[in-house]
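Coordinates in review
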Amino acid sequence: MSTIKDFANAISIRIVDEWDGASDFPEDANLLQEILEKLFSLHPDECLQLIGTGIVEESYFDET
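Anyway, here's the lowdown on the structure attached to this text. (Residues numbered from 1 in each chain as written. Predicted model: local features only at pLDDT ≥ 70, side-chain atom pairs only at ≥ 80, totals over all residues. Heavy atoms only, no water.)

Attention now goes to helix H1 (residues 4–18). A rise of 1.5 Å per residue sets the reference length of H1, with its 15 residues, at 21 Å; its end C-alpha atoms lie 21 Å apart and thus fit the reference within 8%. Considered for burial, the residues of H1 that qualify are Phe 7, Ala 8, Ala 10, Ile 11, Ser 12 and Val 16. For H1, the secondary structure elements touched by its buried residues are helix H2 (26–42) and helix H3 (44–50). (Helix = DSSP H or I, 4+ residues; strand = E, 2+ residues; numbered from the N terminus. Expected span 1.5 Å × (residues − 1). Buried < 20%, exposed > 50% of the residue type's maximum accessible area, 1.4 Å probe, protein only. Contact = heavy atoms within 4.5 Å.)

Structure (structure tokens):
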């Protein structure tokens, strides 16, 4: 069973992967990912709004 923390992590990684500066500033990308994950974990209602969107599918953690 996937938790909000699992989705917060997946969403934060997805956002950082899309950031153009991630390859030029890897330390900043790591910091951004950590901050986003923490914020999404602290605000689960907002995190839930992103599940099932183009950012992260509801089935993201389902085994195939």
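Once the structure has been displayed, the description carries forward.
Our focus in this paragraph is the nonpolar core. Counting residues in each nonpolar core, the largest one holds 12 residues, listed as Phe 7, Ala 8, Ala 10, Ile 11, Val 16, Ala 22, Ala 29, Leu 36, Phe 40, Cys 47, Ile 51 and Val 56. Elements represented by at least two residues in this core include exactly H1 and H2. Looking at which element gives the most residues to this core, the answer is H1, with five residues. When near neighbours in sequence (up to four residues on either side) are disregarded, Ala 29 contacts Val 16, Trp 19 and Ala 22. (Core = buried A, V, L, I, M, F, W, Y, C linked by side-chain atoms within 4.5 Å.)

Our focus in this paragraph is the packing of aromatic side chains. Under the definition given, this model contains two aromatic pairs. Where Phe 7 meets Phe 61, the ring centres are 5.1 Å apart and the plane angle is 80 degrees; that geometry is what we call edge-to-face. One end of the pair, Phe 7, is in helix H1; the other, Phe 61, is in the segment after H3, and 54 residues separate them in sequence. The buried category is assigned to Phe 7, whose relative accessible area is 8%. The exposure class assigned to Phe 61 is partly exposed, which follows from its relative accessible area of 34%. On the basis of an interplanar angle of 85 degrees and a centroid distance of 4.9 Å, the ring pair of Tyr 60 and Phe 61 is categorised as edge-to-face. On the accessibility criterion, Tyr 60 (45% relative accessible area) is partly exposed. Clustering of aromatic rings is evident, with ring pairs tying together Phe 7, Tyr 60 and Phe 61. (Phe/Tyr/Trp six-rings, centres within 6.5 Å; stacked < 30°, edge-to-face > 60°.)

Enumeration over the complete set of coordinates arrives at two salt bridges. Close ionic contact of Glu 37 with Lys 5 constitutes a salt bridge, the shortest N to O distance being 2.8 Å. Of this pair, Glu 37 sits in helix H2 while Lys 5 sits in helix H1; the two residues are 32 residues apart in sequence, bridging distant segments of the chain. Classification of Glu 37 as buried rests on a relative accessible area of 12%. Residue Arg 14 pairs with Glu 18 through a salt bridge whose shortest N-O separation is 3.9 Å. One end of the pair, Arg 14, and the other, Glu 18, are both in helix H1, four residues apart, so they sit about a helical turn from each other. (Salt bridge = Lys/Arg side-chain N within 4 Å of Asp/Glu carboxyl O.)

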